[in-house]
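Residue strings, one per chain:
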Amino acid sequence: MPRAPSDVTSSLNKICLSLNPVAPEQNLFGLFGLPETPYAYQGYGRMCCDGTRNDVLERILHWANEPEEPQLLWLNGAAGMGKTTVAMTVANLMEMDRSKLSATFFCSRYSKYRRNIHNLFVTLAIILASRNSLYRQQLVNAIGRNPLVIHAPLRDQFRILIIEPLRLGGLLNQQIIFVIDALDECRPLAEDAPAKVINALSKHLHELPSLKVLISTRPSPFLYKEMNNTSWVSRPAKLHLHDVERSSVDADIRRYLFEVLCTHASLRLLELQPIVIAYGDKRLLRPIHESIRHWLSDKERALPALFVEEAEAHQMIISRLLNCMVSVLQRNTSGPEAGEEVLLDYACRFWAEHLMKTVPTPTLQRELEDFLQTKLGLWIERLDESGSLMVAAAALENARMWYH
């Protein structure tokens, strides 16, 4: 009987540190004419906090371990509901279970490799090959017979790269789990890429009853139609995150924030990493889940010590950003000090976004006028040097609207 999620996740992070996937003996990516791209299958490193999402994880683990359950489980929910965190946790739980073979693909619109739908089945095949020598040999043979398989339709890729090598390798009774996260972020959308993956699975998944697939996406009427088409031998199971009790979600968020925030004496960036992501070289910080921002700004849901009044927060932030630009922007070759660089860069790019979320006050109007009268030219020069001149036009238009 599988252990409960609460038992497993409490030690999951420690155990994962000792797990190293078996490295391929040769570069399988090279057989497909692709560069080796480990981040295509290693996910983001974020998993459910201890004691959270137990109800969701229990339902998924039951599906994974119960032979009578459908072969495909569709996990769906709106942006920020934690689909990727759940998928990452399940992927790691499956990797820890030595009775199973598992492979993952975490789609992302921000990654050229991970948003390409034609890399999905290829990557899953490479991961399986790195973990089972019988399958590996059959995969190499399949590629030899079909050297252009990466350009084949997805239904043919699934059959040639997954189904046939597993069958020929004598692995028909081997439990196998695929975790495919954020399938709706794959491209090209013009070709309805996610629906084609679902269609490929509906045509061939039943040929290997020991293979199960967990797919996460946002809610989609097109995918819902594919999940309910008549070609499925066993109709997919569905798990809607928005159907989870709000009290359970609130309890999870409260437990998560309490663990991350309240156990630290200070909130330096290193300590905030569990709940924020830094985007690009501009070091723009955003919460991992949009639900965290909603929770913190809801007085009825947030802990009193953590409640944030958004309007007041933006008022404080825009004042700090304007003062930063007034005091730091200057004509000299030395530039800002290292400690000021990040704040100044953020201020120059995003001050107007914060401004638009405030109401005019005499103090804020004076600070904005001081900036525009004394540092407008230097601000535009800095944006031009960084290739962001279009930001200036939009920011000034927003400032004009804010005044009126």
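In this text the structure is predicted, and so the values were computed from the model without any measurement.

Caption draft 1: Representation of the sheet that holds strand β1 (residues 72-76) in the model. Spatial ordering of the open sheet is given by β2-β3-β4-β1-β5, a layout of 5 strands whose pairing is parallel. Each of the sheet's edge strands pairs with one partner strand only, and the pair in question is β2 (101-106) and β5 (237-240). In this sheet, adjacent strand axes meet at a mean angle of 15 degrees when their direction is disregarded. Note that strand β3 (residues 176-181) and strand β4 (residues 211-217) share 5 bridges and pair parallel. Counterpart to I176 in the pairing with β4 is L211.

Caption draft 2: Local environment of helix α9 (residues 193-204). Relative to the 16 Å expected for 12 residues at 1.5 Å per residue, α9 spans 17 Å between its end C-alpha atoms, a close match to the ideal helical length. Counting buried positions along α9 yields 9 of 12 residues, so the element is predominantly enclosed. If you check which residues of α9 are buried, you get A193, P194, A195, V197, I198, A200, L201, S202 and H204. Residues of α9 that are buried make contact with β1, α6 (120-131), α8 (154-168), β4 and α10 (221-227).

Caption draft 3: Up close: the environment of A182. Along the polypeptide, A182 turns up in the loop between β3 and α9. The spacing of A182 and R115 is 67 residues in sequence and 9.5 Å in space, taken between C-alpha atoms. Those residues in contact with A182 that lie beyond four places of it in its chain are C107 and S216.

Caption draft 4: The arrangement of the pairing of β5 in detail. Alternating residues of β5 divide into A237 and L239, all buried, and K238 and H240, none buried. Bridge count between β1 and β5: 4 bridges; the pairing is parallel. What sits directly across from W74, in β5, is K238.

Caption draft 5: Structural view of the pattern of salt bridges. Considering all chains together, one arrives at 8 salt bridges under this definition. Note that R218 is salt-bridged to D184, the shortest N-O span being 3.1 Å. Of this pair, R218 sits in the loop between β4 and α10 while D184 sits in the loop between β3 and α9, and the two are 34 residues apart along the sequence. When its relative accessible area of 18% is taken as the criterion, D184 is described as buried. Here E185 ties to R218 by a salt bridge, and the two come within 3.9 Å at their closest N and O atoms. Residue E185 is found in the loop between β3 and α9, and its partner R218 is found in the loop between β4 and α10; the two are separated by 33 residues along the sequence.

Caption draft 6: Expanded view of the packing of aromatic side chains. If you walk through the whole model with that rule in mind, you get 7 aromatic pairs. Centre to centre, the rings of F121 and F158 are 5.0 Å apart; their planes meet at 35 degrees, and the pair counts as tilted. A residue pair is termed long-range when its members are at least 10 positions apart, and F121 in helix α6 and F158 in helix α8 qualify at 37 residues. Here F121 and F158 have matching classes, each one buried. An aromatic cluster of at least three residues, connected via ring pairs, comprises W351, F371 and W379.

Caption draft 7: The side chain of K83, seen in detail. Inspection of the secondary structure puts K83 in helix α5 (residues 83-96). Buried charge without a salt bridge: K83, with D184 as the nearest opposite-charge side chain at an N-O distance of 6.5 Å. At a separation of 2.9 Å, a polar atom in the side chain of K83 contacts the main-chain carbonyl oxygen of G77. Setting aside its immediate chain neighbours within four residues, K83 contacts L75, N76, G77, A78, D181, S216, T217, R218 and L241.

Caption draft 8: Focus on the nonpolar core. Among the nonpolar cores identified, the biggest contains 52 residues, and L161 and I162 are the most heavily contacted of them. With 9 residues, α6 is the single largest residue contributor to this core. When near neighbours in sequence (up to four residues on either side) are disregarded, I162 contacts F121, L124, A125, Y135, Q157, F178 and L211. Grouped together as the second largest cluster of nonpolar side chains are 23 residues, I318, L322, L355 and L378 included.

Caption draft 9: The arrangement of the packing of helix α7 (residues 133-145) against α8 in detail. One way to put it is that α7 packs onto α8 with a least axis distance of 8 Å and a crossing angle of 130 degrees. If you check the angle between α7 and α8, you find them oblique. The element α7 and its partner α8 pack so that their crossing is right-handed. Seen from α7, the contacting residues are Y135, Q138, L139, A142, I143 and R145; seen from α8, they are I160, L161, I162, P165, L166 and L168. Partitioning the contact of α7 with α8 into residue classes produces 10 nonpolar, 1 polar and 1 charged.

Definitions and limits used
Residues numbered from 1 in each chain as written. Predicted model: local features only at pLDDT ≥ 70, side-chain atom pairs only at ≥ 80, totals over all residues. Heavy atoms only, no water. Pairing = 2+ DSSP bridges. Helix = DSSP H or I, 4+ residues; strand = E, 2+ residues; numbered from the N terminus. Axes fitted to C-alpha atoms, helices over the stretch in contact; angles between N-to-C directions. Expected span 1.5 Å × (residues − 1). Buried < 20%, exposed > 50% of the residue type's maximum accessible area, 1.4 Å probe, protein only. Contact = heavy atoms within 4.5 Å. Salt bridge = Lys/Arg side-chain N within 4 Å of Asp/Glu carboxyl O. Phe/Tyr/Trp six-rings, centres within 6.5 Å; stacked < 30°, edge-to-face > 60°. Lys, Arg positive; Asp, Glu negative; His and termini not counted. Polar contact = N/O pair within 3.5 Å; in protein donor to acceptor, adjacent residues only side chain to side chain. Core = buried A, V, L, I, M, F, W, Y, C linked by side-chain atoms within 4.5 Å. Parallel < 35°, antiparallel > 145°, perpendicular 65-115°, else oblique. Left-handed = near helix turned anticlockwise from the far one by under 90°. Nonpolar A, V, L, I, M, F, W, Y, C, P; charged D, E, K, R; others polar.

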